[in-house]
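Notes for the structure review
The chain contents come next:
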Amino acid sequence: MYAIVNIAGQQFKVAKDQFLFVHRLQGDEGASIEFDNVLLAEDGGKFTVGTPSISGAKVSATILSHLKGEKVIVFKKKRRKGYKKKNGHRQQFTKIQITGISL
């Protein structure tokens, strides 16, 4: 059984006991959260497609940790003008574990 769910503006294909890194979510570590924006679900070869989402379907997950991603260097330069600008960015992520899918 799997489902395609919208989490923080991104779509993920999730299954039970799967680990995911999603954009930073509100909540403490160890807290349970539910996502009700389920777009598609598959259960034993039977597909359910939502228009746009399946009513009554929920995906539950547990927040495991909050962390930062790899550093991305942003370097801007205009040649022959003496313009150089160096910036860095580390995206904040939340590691979650899918605990269940209910239709």
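Note that the structure is predicted; figures quoted are calculated from it, not measured. As a convention, each chain's residues are numbered from 1 in the sequence order in which they are written. Per-residue local features are limited, in this predicted model, to residues with pLDDT of at least 70; the limit for side-chain atom pairs, both in listing and counting, is 80 or more; totals at the level of whole chains, interfaces and linings are taken over all residues. With hydrogens and water stripped out, all remaining heavy atoms of the structure feed into the side-chain values.

A carboxyl oxygen of Asp or Glu within 4 Å of a side-chain nitrogen of Lys or Arg is what we treat as a salt bridge. In the structure shown here, the tally under the stated rule is one salt bridge. For the salt bridge of Lys 16 with Asp 17, the shortest nitrogen-to-oxygen distance reads 3.7 Å. Overall, the relative accessible area of 52% leaves Lys 16 in the exposed class. With a 1.4 Å probe rolled over the protein chains alone, any residue whose accessible area is under 20% of its type maximum counts as buried; one over 50% counts as exposed, and the rest are partly exposed.

With that settled, the discussion passes to the sheet that holds strand E1 (residues 2–7). Strand order in this open sheet of four strands is E2-E1-E5-E6, and the pairing throughout is antiparallel. Strands with a single pairing partner mark the edges of an open sheet, and in this sheet they are strand E2 (10–15) and strand E6 (46–49). On average, each strand axis in the sheet is tilted by 20 degrees relative to the strand beside it, whichever way the strands run. In this analysis, strands are considered paired if DSSP registers two or more bridges between them. Labels follow the DSSP assignment, with helices taken as runs of H or I lasting at least four residues and strands as runs of E lasting at least two, numbered in each case from the N terminus. Sheet analysis places E1 next to E2, joined by six bridges and oriented antiparallel. Considered in E2, the bridge of Ile 4 is made with Lys 13. Axis angles are defined between N-to-C directions and span 0 to 180 degrees, where every axis is a line fitted to C-alpha atoms and, for a helix, only to the segment in contact.

An order of E3-E8-E7-E4 is seen for the four strands of this open sheet, with the pairing classed as antiparallel. Here the strands that pair on one side only, and so sit at the sheet edges, are strand E3 (19–23) and strand E4 (32–35). Sheet twist, expressed as the mean angle between neighbouring strand axes with direction ignored, is 45 degrees. Pairing of strand E7 (residues 58–78) with strand E8 (residues 83–102), which is carried by 18 bridges, proceeds in the antiparallel orientation. Bridge pairing in E8 places Thr 62 opposite Gln 97.

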